[in-house]
Amino acid sequence: MIESLLVANRGEIARRIVRTAKKLGIRAIVVHSEADAGLPFVTEADEAVCVGPANPALSYRNVEAILAAAKDTGAQAIHPGYGFLSENADFARTVEASGLIWVGPGADAITAMGDKINARNLMAAAGVPVAPGTTEPAADLDAAVAAAGEIGYPVMVKAAAGGGGMGMGVAADEAGLRTEYDKVRSFAERMFGDGSVLIERYFPRVRHVEVQILGLADGRVVALGERECSVQRRNQKLVEESPSPAVSPELRARFLAAAVRAGEAVNYRNAGTVECLLDPTTGEFFFLEMNTRLQVEHPVTEYVYGVDLVEEQLRVAAGLAPTFDPDALAPRGHAIELRINAEDPKRFLPGPGAITTWNEPAGEGVRVDSGYVAGNTVTPFYDSLMAKLIVSGATRDEAVQRAKAAVAQFEIAGPKNNLPFFAELLENPEFLSGDYDTGIVSRMR
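With that settled, consider empty space enclosed by the protein. Throughout the structure, instances matching the rule amount to 1 cavity of 30 Å³ or more. Approximately 40 Å³ is the volume found for the largest cavity. Around the largest cavity, the lining residues are Pro-80, Gly-81, Ser-86, Trp-102, Val-103, Gly-104, Pro-105, Thr-292, Arg-293, Leu-294 and Gln-313. Classifying every residue of the lining of the largest cavity gives 5 nonpolar, 5 polar and 1 charged.

Written out as structure tokens, the structure reads:
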């Protein structure tokens, strides 16, 4: 097993990786910005190195400083978490070229799946269902209009290099397409350094379902079930649950088989997620994208499948066999994750601030992966995620009831937070029925 691990991330995910590293007897090293010096992930690590100021470009995305920290601390491996440099193929290559172990998929797989158009084409060739759309970037507005005419309105206008729900727009007609095309292209150039745009069929009522895959050290790719991610604001997830209440055993078998084919198509190693759109009316699903990293919502899979995905990542990176039997994977029970963000619960606008009260819920089937404690400050420099509240139960109903109790027990004062939204959601008849889609939040607002 790896003996020393540097975590190139922050907040709850860095703290969560440190927890598993320590459980395995691995020396846990973290990097941090000046703004994060007092956060739990820093104080709980075996060693911590400040790599720059609050600006993530000068700290958490500072490759030179991170590699220097790894060298100075004698780290054997680097775990990138999610966000920041986690899906940066050049960083992965640089880590390995420096003689370090990269805890993630190979750089070639990251590159192959990082461009949405290339990924779509690869998946189609592998027999994974893809939605009607362009097979190459729309070179200009006229090309986009022509493509939309063939696909049929409404269409989704997407940044080819985008991710995380950013760089997307919906056009109901040509006039809307002309507006969205320029908007998405401009955003993509500014945010991703790549203005390439693709056009896809837009489904007015759809569910967002994803499959957790793990590429093992022996070359096999296995699927650890699906997660329902349809509770979203601005195309960004707020709630995830597993198994999906929309997926039958027969549909699950098709989902998992397609996800395995997707991983095999790029010789995938380590943890990844194949995201899909599910038409709840027809039962058809289509490849959306592959996230070549550990997902925020991985804990619901951990509960339902009884694995520690970070431990499995480390074992794959070290060339070791998994702790579980790949031929005997089966879900047990139900798990739900709520993303506790520093944002107002109505408009979901960021609301950073000093935390004066932080009391986490506890009890059977309750887990909190948090990045903060009372006395810390949620700054405006990073994502608004403060914690993940994960609940599990033998059934979905039991998990929902535990979620209601846990939300009521969770006390946060100082920054704005979305706990009141979750209290509302957990009483919403549409959510309680399990028959909801990606429009549920907009219908609540």
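This brings us to the sheet that holds strand 2 (residues 27–33). Pairing within the open sheet is parallel, and its 5 strands lie in the order 3-2-1-4-5. Every other strand in the sheet has two partners, leaving strand 3 (47–52) and strand 5 (101–102) as the edge strands with one partner each. By the bridge criterion, 2 bridges tie strand 4 (residues 77–79) to strand 5 in an arrangement that is parallel. Paired with Ala-77 across the bridge in strand 5 is Ile-101.

Here we come to the pairing of strand 10 (residues 221–233). Buried residues dominate strand 10, accounting for 13 of its 13 residues. Bridging between strand 9 (residues 207–215) and strand 10 involves 6 bridges; their strand directions are antiparallel. Along strand 10, the bridge assignment pairs Glu-210 with Arg-227. With antiparallel pairing between neighbouring strands as the criterion, strand 9 and strand 10 make up a hairpin whose turn holds 5 residues, including Gly-219 at a positive phi of roughly 100°. By the bridge criterion, 4 bridges tie strand 10 to strand 11 (residues 236–242) in an arrangement that is antiparallel. By the bridge assignment for strand 11, Arg-233 is matched with Gln-236. Here strand 10 folds back onto strand 11, and the loop between the two strands holds 2 residues, one of which, Arg-234, carries a positive phi near 50°.

Cut-offs applied
- Residues numbered from 1 in each chain as written.
- Predicted model: local features only at pLDDT ≥ 70, side-chain atom pairs only at ≥ 80, totals over all residues.
- Heavy atoms only, no water.
- 1 Å grid on protein atoms, 1.4 Å probe; cavity = no way out; pocket = protein on both sides within 12 Å on 5 of 7 lines; lining within 4 Å.
- Points joined across faces, edges and corners; volume = space filled by probe spheres on them.
- Nonpolar A, V, L, I, M, F, W, Y, C, P; charged D, E, K, R; others polar.
- Pairing = 2+ DSSP bridges.
- Helix = DSSP H or I, 4+ residues; strand = E, 2+ residues; numbered from the N terminus.
- Buried < 20%, exposed > 50% of the residue type's maximum accessible area, 1.4 Å probe, protein only.

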